[in-house]
Amino acid sequence: MTVRICAAAAAILVSAGCGASTTEAKPLPPVNVKAMSMKEGFGDLERLAEAARSEGALNVIALPRDWVNYGEVIDAFAEKYDIKVDELEPGASSKRQIDAAGQLRPDVFDLTLDVAVANAARFAPYKVQGWLDLPDNVKDPSGAWYAAYGGYMSIGYDPRAVPAPASFADLLKPGYTVALDGDPLRSAAAFDGVMAASLHHGAPDPRRGVQLFAKLRRAGRLTEPAKANVIVGWDHLNAARAAQQSGSWKVTIPKDAPLGEYRFQAINKNAPHPATARLWQEFLFSDEGQNLLQKGYARPVRAEAMLMRGTLDTEQTAKLPAAPGPPVLLTIPQMDAGKSYVKKEWAKSG
């Protein structure tokens, strides 16, 4: 990945008179709380923060406090800028965020790719200061939506009960009792678990994934998480559990199934606190915000650029589950085809 780094030049205006020189301050531009960048709308971060404090609050939605360390992220933002954060429906899905926006009036969204792309017209374009650090394939060119963090679909397991599985196919061996993170007909995480198991030579084949879990179900070994010795879920969740349960839980990402996914940020076009929404994005994509997300075992979207600049928390990076290589990111047509197949075949596959 080529990281483009731009440097900004600062100009000093000097006027001379009566044999002495004086420095004249350049008039500050008027604040535009709906601007497409910090420089365009506010000039600098201090003025953006001032405009945000005058609004006094931020409405976030679908950010569970135990999801990628969002609790600490929210608290750090609130303390840093002295702004009250209202946490709306922490368990809301991406679709629910959009459906409830008119009633609940969130300022910002945290979405899956398909929902972000489908609803781009509902968002206010805004390009954060670190825009050039974001890979082109995880951001809308206009700034309507852009990835903040990602992860790999993983296999968490109890090493006291079963050996480390090297692949999803290993889960068919005796001894493994397996759980998905929900129902794949309703849960995005469970659907992605099925799609990870479907990968074949880097491409999804939904039939493979559905058949694997159908075999587990027929054998009586597809169960709920509380009864399982294996949970198929996002690596940041399995890694957090492994950290809490040292020795009794481990996590692996199968080499033949490196399915990855990013979560995408967007500003509500009708945000009740437009300046604060932009300040939140600046914080989330700052070195501080990205490192806080990584503390929750997420993979920051700016990690490569931060590593080059020496601002990435490499001690925490070393704690992330070992990645087998670049992630396979599903395209929207692949997602749609997978959802269509799972909807048609899941119920009758067992």
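Residues numbered from 1 in each chain as written. Predicted model: local features only at pLDDT ≥ 70, side-chain atom pairs only at ≥ 80, totals over all residues. Heavy atoms only, no water.

**So, the overall build of the protein chain**
The helix and strand tally for the protein chain stands at 14 helices and 14 strands. For a compact globule of 350 residues, the expected C-alpha radius of gyration is about 20 Å, and the protein chain comes in at 23 Å, within 12% of that figure. Counting only C-alpha atoms, the protein chain reaches 95 × 40 × 35 Å along its principal axes. When burial is assessed residue by residue, the protein chain has 50% of its 350 residues classed as buried. By element, 53% of the accessible surface of the protein chain is carried by carbon and sulfur atoms, the whole surface being about 16700 Å². Across the protein chain, the 40 positively charged side chains and the 39 negatively charged ones have centroids separated by 7 Å. (Helix = DSSP H or I, 4+ residues; strand = E, 2+ residues; numbered from the N terminus. Rg over C-alpha atoms; globule rule 2.2 N^0.38 Å. Buried < 20%, exposed > 50% of the residue type's maximum accessible area, 1.4 Å probe, protein only. Areas by Shrake-Rupley, 256 points an atom, 1.4 Å probe, with all protein chains shown as cover. Lys, Arg positive; Asp, Glu negative; His and termini not counted. Charge placed at Lys NZ, Arg CZ, Asp CG, Glu CD.)

**Side note on the packing of helix 8 (residues 206–218) against helix 14 (residues 332–345)**
The contact between helix 8 and helix 14 brings their axes to 9 Å, and the two run at 35°. As helix 8 runs across helix 14, the sense of the crossing is right-handed. Side by side, helix 8 and helix 14 meet where P206, R207 and V210 of the first sit next to G338, Y341, V342 and E345 of the second. (Axes fitted to C-alpha atoms, helices over the stretch in contact; angles between N-to-C directions. Left-handed = near helix turned anticlockwise from the far one by under 90°. Contact = heavy atoms within 4.5 Å.)

**Looking at helix 7 (residues 188–198)**
Most of helix 7 is tucked away, with 10 of its 11 residues classed as buried. Restricting attention to buried positions, one finds in helix 7 the residues A189, A190, F191, D192, G193, V194, M195, A196, A197 and S198. Among the residues of helix 7, the N-terminal cap falls to S187, whose side-chain oxygen and the backbone nitrogen of A189 are separated by 3.3 Å. (Polar contact = N/O pair within 3.5 Å; in protein donor to acceptor, adjacent residues only side chain to side chain.)

**Structural notes on the packing of helix 7 against helix 14**
As a packed pair, helix 7 and helix 14 sit with axes 11 Å apart at the nearest point and diverge in direction by 100°. As judged from the angle between their axes, helix 7 and helix 14 are roughly perpendicular. Between helix 7 and helix 14, the contacting residues are F191, V194 and M195 on the first element and Q334, M335, G338, K339 and V342 on the second. Split into classes, the residues belonging to the contact of helix 7 with helix 14 amount to 5 nonpolar, 2 polar and 1 charged. (Parallel < 35°, antiparallel > 145°, perpendicular 65-115°, else oblique. Nonpolar A, V, L, I, M, F, W, Y, C, P; charged D, E, K, R; others polar.)

**Digging into unusual backbone geometry**
The phi dihedral of A62 falls on the positive side, at around 65°, and the residue is not glycine. Secondary-structure assignment places A62 in the loop between strand 3 (57–61) and helix 3 (70–81). Exposure remark for A62: the relative accessible area of 6% places this residue in the buried category. The phi dihedral of N69 is positive, around 70°, even though this residue is not glycine.

**Here's the deal with the pairing of strand 10 (residues 230–234)**
Most of strand 10 sits inside the fold, with 5 of its 5 residues counted as buried. As paired elements, strand 7 (residues 178–180) and strand 10 share 3 bridges and run parallel to each other. Across the sheet, residue V178 finds its bridge partner in strand 10, namely V230. (Pairing = 2+ DSSP bridges.)

**A short note on helix 2 (residues 45–55)**
Turning to helix 2, its buried residues number three or more, namely R47, L48, A49, A51 and A52. As for helix 2, its buried residues are in contact with helix 1 (38–41), helix 3 and helix 10 (274–284). A distance of 3.2 Å separates the backbone nitrogen of E46 from a side-chain oxygen at the start of helix 2, and that oxygen is part of D44. Phi turns positive one or two residues past the end of helix 2, at G56, with a value near 85°.

**A look at the environment of A51**
Here A51 lies in helix 2. Residues A51 and L132, 81 residues apart in the sequence, show an inter-C-alpha distance of 25 Å. For A51, the residues in contact, after removing those within four places along its chain, are V31, F42 and A275.

**Section: the nonpolar core**
As a rule of thumb, nonpolar side chains are buried together in soluble globular proteins. Within the largest apolar cluster, 89 residues are counted, with the highest numbers of intra-cluster contacts made by Y70, F77, F168, F213 and W280. Every residue in contact with F168, bar those within four places of it in the chain, is listed here: I155, G193, A196, A197, L212, V232, P254 and A257. Formed by 5 residues, the second largest nonpolar core is a distinct cluster that contains A228, I231, A242 and W249. (Core = buried A, V, L, I, M, F, W, Y, C linked by side-chain atoms within 4.5 Å.)

**Quick look at the confidence of the model for the protein chain**
Taken over all residues, the pLDDT of the protein chain has a mean of 92, while the share at 70 or more is 91%. Low pLDDT, under 50, characterises residues 1–23; the stretch is placed with 23 contacts to residues that sit more than four places away or in other chains. (pLDDT = per-residue confidence, 0-100.)

**So, the side chain of R263**
Looking at the element boundaries, R263 is found in strand 12 (residues 259–267). Looking at R263, the relative accessible area reads 14%, which means it is buried. Setting aside residues no more than four positions away along its own chain, R263 makes contact with S94, Q97, D110, L111, T112, Y146, A147, A148 and Y149.

**Comments concerning the environment of S198**
Tracing the backbone shows S198 in helix 7. In this structure S198 touches A203, P204, D205, P206, R208 and G209, once residues within four positions along its chain are discounted.

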